[in-house]
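Here is how the chains run, residue by residue.
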Amino acid sequence: MSIGLMAMNLPLSRMSLQEKLVAMELLWADLSATPDQVVSPAWHGEELQRRREQVQQGSTKFLNWDDAIAELKTERREHQTP
């Protein structure tokens, strides 16, 4: 059944941000439980290949999760500063 045909009754306009994030996490957990049923678009593979090449060329690096979050928070603060 396509999304266009399926009735969705989530009260998104009445949900808080926290409720929406929890709903999103629940959806993600459910989808990731059966990864063989989720087909990634072709551009995902292309992007993964591009990133692999960047790592091999030394033009990018991996960050651990805590460092990545800290970097994102810093970038967000910089964009919010007038």
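For clarity, every value in this text was computed on a predicted model and none was experimentally measured.

Peer 1: So what exactly am I meant to see when it comes to a negative patch on the surface here?
Peer 2: Among the surface-exposed residues, Asp66, Asp67, Glu71, Glu75 and Glu78 lie close enough to one another that they form a single negatively charged patch. Relative to the helices and strands, aspartate 67 resides in helix 3 (residues 65-80).

Peer 1: Help me understand the layout of surface pockets, please; the structure alone is not making it clear to me.
Peer 2: To find leftover empty space, one rolls a probe the size of a water molecule over the atoms. Here the largest pocket is characterised by a volume of approximately 250 Å³. Along its surface, the largest pocket is lined by Leu48, Arg51, Arg52, Gln54, Val55, Thr60, Lys61, Phe62 and Leu63. A per-class count over the lining of the largest pocket returns 4 nonpolar, 2 polar and 3 charged.

Peer 1: Even after reading the chapter, I still don't get the confidence of the model for the chain, so can you show me in this structure?
Peer 2: Reading predicted coordinates in detail is not appropriate for stretches of low pLDDT. The predicted model of the chain averages 88 in pLDDT, with 89% of residues at 70 or higher. Averaged pLDDT values for the elements of the chain fall to 91 in helix 3 and rise to 95 in helix 2 (residues 42-57).

Peer 1: What's the story with the pattern of salt bridges in this structure? I'm lost.
Peer 2: Two side chains that carry opposite charge are able to pair once their charged atoms sit near each other. Applying the stated criterion to the full structure yields 2 salt bridges. Glutamate 47 is paired through a salt bridge with arginine 50; the nearest N and O atoms lie 2.4 Å apart. With glutamate 47 and arginine 50 both in helix 2 and 3 residues apart, the pair spans about one turn of that helix. For glutamate 47, the salt bridge identified is with arginine 51, shortest N-O distance 2.7 Å. Here glutamate 47 pairs with arginine 51, and both are found in helix 2, just 4 residues apart, close to one helical turn.

Peer 1: So what exactly am I meant to see when it comes to helix 3 here?
Peer 2: Owing to its 3.6 residues per turn, the α-helix aligns residues three or four sequence positions apart on the same side. For helix 3, which comprises 16 residues, the first-to-last C-alpha distance of 23 Å matches the rise-based estimate of 22 Å (1.5 Å per residue) to within 8%. One side-chain oxygen at the N-terminal end of helix 3 lies 3.1 Å from the backbone nitrogen of aspartate 66; it belongs to asparagine 64.

Peer 1: Hey, could you run me through a nonpolar patch on the surface in this one?
Peer 2: A cluster of nonpolar residues, Met8, Leu10 and Leu12, forms a patch on the protein surface that exposes about 300 Å² of accessible area. Counting through the fold element by element, leucine 12 comes out in the segment before helix 1 (17-32).

Parameters at a glance
- Residues numbered from 1 in each chain as written.
- Predicted model: local features only at pLDDT ≥ 70, side-chain atom pairs only at ≥ 80, totals over all residues.
- Heavy atoms only, no water.
- Patch = residues over 30% accessible without salt bridge, like charges linked within 9 Å, V, L, I, M, F, W, Y side chains within 5 Å.
- Areas by Shrake-Rupley, 256 points an atom, 1.4 Å probe, with all protein chains shown as cover.
- Salt bridge = Lys/Arg side-chain N within 4 Å of Asp/Glu carboxyl O.
- Lys, Arg positive; Asp, Glu negative; His and termini not counted.
- Charge placed at Lys NZ, Arg CZ, Asp CG, Glu CD.
- Helix = DSSP H or I, 4+ residues; strand = E, 2+ residues; numbered from the N terminus.
- 1 Å grid on protein atoms, 1.4 Å probe; cavity = no way out; pocket = protein on both sides within 12 Å on 5 of 7 lines; lining within 4 Å.
- Points joined across faces, edges and corners; volume = space filled by probe spheres on them.
- Nonpolar A, V, L, I, M, F, W, Y, C, P; charged D, E, K, R; others polar.
- pLDDT = per-residue confidence, 0-100.
- Expected span 1.5 Å × (residues − 1).
- Polar contact = N/O pair within 3.5 Å; in protein donor to acceptor, adjacent residues only side chain to side chain.

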